[in-house]
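Each chain is listed here by its residues.
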Amino acid sequence: MKELTDEAKKRLRSRSRLVHLGRDREVTQGFVNVPPFRGSTVLYPDVATLKNRNQRYTYGTHGTPTTDALTEAWSDISGAAGTVLVPSGLAAIVVALMSALSAGDHLLMTDSAYQPARRFCDSTLKRMGVETTYYDPLIGDGIAALMRSNTKAVFVESPGSQSLEVQDIPAIAASAHARGVCVIADNTWATPLFFAPHAHGVDMAVEAGTKYLSGHSDLLLGLVSANAQWLPRLARTIDDMAIPPGPEDVFLALRGLRTMELRLREAERQALALARWLEARPEVLRVIHPALADDPGHALWKRDFAGSSGLFSVVLKPAAESAVAALLDGLALFGMGYSWGGFESLVIPFDCASYRTATRWAPGGPTLRFSVGLEDIEDLKEDLDRGFARLRAAT
Ligand SMILES: Cc1ncc(COP(=O)(O)O)c(C=O)c1O
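To keep things clear, this report deals only with the structure shown in the data block. For every chain, the first residue of the written sequence is number 1, and numbering continues from 1 along that sequence. In view of the model being predicted, local features appear only for residues whose pLDDT reaches at least 70, and side-chain atom pairs are presented and counted only at 80 or more, with totals across whole chains, interfaces and linings using the full set of residues. Side-chain calculation: all heavy atoms of the structure are included, whereas hydrogens and water are not.

Okay, unusual backbone geometry next. Cis geometry is found at the peptide bond from S158 to P159, where omega equals -5°. Here A242, not a glycine, exhibits a phi torsion of approximately 50°, which is positive. By the secondary structure assignment, A242 is in the loop between α10 (231-241) and α11 (247-279). Residue class for A242 comes out partly exposed when judged on its relative accessible area of 35%. The backbone of S339 sits at a positive phi, close to 75°, despite the residue not being glycine. Think of it this way: any DSSP run of H or I at least four residues long counts as a helix, any run of E at least two long counts as a strand, and we number them from the N terminus. Looking at where S339 falls in the secondary structure, it is placed in the loop between α13 (321-329) and β10 (346-350). Summary of the burial criterion: residues with accessible area below 20% of their type's maximum are buried, those above 50% are exposed, and those between are partly exposed, where the area comes from a 1.4 Å probe applied to protein chains only. Take S339: its relative accessible area is 24%, and that puts it in the partly exposed class.

This is the structure:
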């Protein structure tokens, strides 16, 4: 088999790149996959090399051929200068924020951010002397009015956690960059395949690899990719903190990478089919899915995104909590649990009202978030159909 040059790899379309990236023959010795390199100590051949650390691998916390395979592939598909790995998506958010902020700085955080990220800002970041202001995710270039002389970072998450507002990231980034402010994005919903973070002005992009990269709900992983300007700060922070993920998890993530586009495209197709079916249900007030033409975020999604994933939300017509519980408790195919992006379908009830501070969450009825997996869509509809019958019976 002929070895692909770097130039030839660049010309490949994304599905082919996902298959071929990160498989250096010198490492694999002809086996198809890079194995999980386990190790703390790396041996040096002589004193001079040891003193100068003049070799590719120097210690377990500084990377292995397994982590390199994943970070190189991820940087490529993200359009990034480099990527670092950490043991969870939340840790990736923390590392990105710690890389951009210092004591006395001010952070602008979208009100629609993943809730545990808010907790980090309101507890640890606050204790470290960083002040956070939450902003309306739909603010666009109005973000300029919230900038202070000490604002050092703007955090975006688009679409937002649970409520799925689409943000105008290019407008926010233009405003931030005019003031030298760093833009950090949680890009987990779209992955770099459906939203090219750095091409849209994001300086550091966070991905919870736990979701679509894994795709099998069997690992936790976080990735932060950075452009050339922010990579040195990010690399410094990660070296100082020394929190690498376990080698088996990186190995499994590399496996997930190979099929990520296929799974995402299928999740997209299934989720859209289910969203349209739910829209027509008499029990449903509104479906929140940016790829639906009447969604408020649709125009921005269409402008900036190359696809939609399997995660969307639904507002039910007003119903008692016990009736919603009757719908959910009897489901046989939709599991109830946190996280998402796996091969199996999930649903959770949610309510953002308790933690939103810059915007009011009043959707008009109980809300559910769906992560649509790979089951047959007709089976999923039948499961929900029986659930809606239970909801009606309990109302
Ligand atoms: C949007 C988003 N970002 C980050 C995370 C955190 O990922 P992890 O569970 O790997 O910490 C989650 C988890 O649900 C998430 O939904």
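So much for the structure itself; the text now carries on.
Nearness of a residue to a molecule or strand requires only that one of the residue's heavy atoms be within 4 Å of it. Near the ligand you find 14 residues, and of these G89, D186, T210, K211 and W340 are the closest. One nitrogen or oxygen atom from the side chain of K211 is found 2.8 Å from an oxygen atom belonging to the ligand. Per-residue and other accessible areas were derived by the Shrake-Rupley procedure at a 1.4 Å probe size, with only the shown protein chains allowed to occlude residues. Contact with the protein chains hides 90% of the accessible area of the ligand, taken as 390 Å² for the molecule alone. Counting residues per element, the shell around the ligand draws most heavily on helix α6 (residues 89-100), at three residues. Gly counts as polar in this scheme, as do all residues outside two lists: the nonpolar Ala, Val, Leu, Ile, Met, Phe, Trp, Tyr, Cys and Pro, and the charged Asp, Glu, Lys and Arg. Taken together, the residues of the shell around the ligand sort by class into six nonpolar, five polar and three charged. The definition of a polar contact used here is a pair of N or O atoms within 3.5 Å, where within protein one atom must be able to donate a hydrogen and the other to accept one, and adjacent residues in sequence count solely through side-chain atom pairs.

Turning to helix α14 (residues 377-394), a few remarks are in order. Here the expected length of a helix is defined as 1.5 Å per residue gap, with one fewer gap than residues. Here α14 spans 26 Å end to end across 18 residues, near enough to the 26 Å set by a 1.5 Å rise per residue. Residues I377, L380, K381, D383, L384, G387, F388 and L391 constitute the buried set of α14. End-on view of α14: buried residues confined to an arc of 160°, all on one side of the axis. You can read the cap of α14 off the contacts: a side-chain oxygen lies 2.8 Å from the backbone nitrogen of E378, and it is on D376. Along the arc lie the directions from the helix axis toward the C-beta atoms.

Pairing is antiparallel in the open sheet, where four strands are placed in the order β8-β9-β11-β10. This sheet does not close on itself; its edge strands, each paired only once, are β8 (284-288) and β10. Across this sheet, the average inter-strand angle for adjacent strands is 25°, counted without regard to direction. Sheet topology note: the β8/strand β9 (residues 311-316) ladder contains four bridges and is antiparallel. Residue pairing in the sheet places V287 in a bridge with V314 of β9. Should any heavy atoms of two residues lie within 4.5 Å, those residues are considered in contact. To get an axis, fit a line to the C-alpha atoms, keeping to the stretch in contact for a helix; angles then go from 0 to 180 degrees between the N-to-C directions. In the packing of α11 onto the sheet, the strands contacted are β8, β9 and β11 (367-371), and the crossing angle to β9 comes to about 5°. DSSP-based pairing: two strands are paired if at least 2 bridges between them are found.

Close contact between α11 and α14 brings their axes to 11 Å; oriented N to C, the two are set at 30°. As for how α11 packs across α14, the hand of that crossing is right-handed. Residues Q270, A273, L274, W277 and L278 of α11 form the contact with α14, whose participating residues are I377, L380, K381, L384, D385 and F388. In terms of residue class, the contact of α11 with α14 is built from eight nonpolar, one polar and two charged. The hand of a helix crossing depends on one turn: near helix anticlockwise from the far one by less than a right angle means left-handed, and clockwise means right-handed.

Only rings of Phe, Tyr and Trp enter the pairing, Trp through its six-membered ring, and a pair is recorded when the two centres are within 6.5 Å. The plane angle decides the type: under 30 degrees is stacked, over 60 is edge-to-face, the rest tilted. What the rule picks out here adds up to seven aromatic pairs. Relative to F388, the ring of W277 has its centre 6.4 Å away and its plane inclined at 45°; by these criteria the two rings are tilted. Placement of W277 in helix α11 and of F388 in helix α14 is noted, with a sequence separation of 111 residues between them. Taking relative accessible area as the criterion, F388 reaches 2% and is therefore assigned buried. Relative to F370, the ring of F312 has its centre 5.6 Å away and its plane inclined at 25°; by these criteria the two rings are stacked.

In space, the seven strands of this open sheet follow the order β1-β7-β6-β5-β4-β2-β3, with mixed pairing throughout. Strands with a single pairing partner mark the edges of an open sheet, and in this sheet they are β1 (82-86) and β3 (131-135). Taken over all neighbouring pairs, the strand axes of this sheet differ in orientation by 20° on average, direction set aside. As paired strands, strand β5 (residues 182-186) and strand β6 (residues 204-208) are joined by three bridges and run parallel to one another. Its bridge partner lying in β6, D186 is registered against V206. Taken strand by strand, helix α5 (residues 65-78) contacts β1, β6 and β7 (222-226), and its axis lies near 130° from that of β1. Packing of helix α8 (residues 169-177) onto the sheet brings it into contact with β3, β4 (151-157) and β5, and relative to β4 it is tilted by some 175°.

Before going further, it helps to spend a moment on the pattern of salt bridges. For this analysis, a salt bridge means a side-chain nitrogen from Lys or Arg found within 4 Å of a carboxyl oxygen belonging to Asp or Glu. Counted according to the given criterion, the structure contains 18 salt bridges. E248 is paired through a salt bridge with R38; the nearest N and O atoms lie 2.8 Å apart. Taken together, the positions of E248 in helix α11 and R38 in the loop between α3 (25-28) and α4 (47-52) put the pair 210 residues apart, joining distant regions of the chain. Note on E248: relative accessible area 38%, which makes it partly exposed. Accessibility expressed as a relative area gives 60% for R38, which makes it exposed. For D383, the salt bridge is made with R386, and the minimal N-O distance between the two is 4.0 Å. A residue pair is termed a helical-turn pair when its members lie 3 or 4 positions apart in one helix, as D383 and R386 do in helix α14 at three residues. Its relative accessible area of 2% is what places D383 among the buried residues.

So, about the packing of α13 against α14. Relative to each other, α13 and α14 sit at 155°, their axes nearing to 7 Å. In this view, α13 runs roughly antiparallel relative to α14, as classed from their interaxial angle. The handedness of the crossing between α13 and α14 comes out as right-handed. Seen from α13, the contacting residues are A323, V324, A326 and L327; seen from α14, they are G387, F388, R390, L391 and A394. For the contact of α13 with α14, a count of residues per class yields seven nonpolar, one polar and one charged. Throughout, the term roughly parallel applies to angles under 35 degrees, roughly antiparallel to angles over 145, roughly perpendicular to angles from 65 to 115, and oblique to all others.

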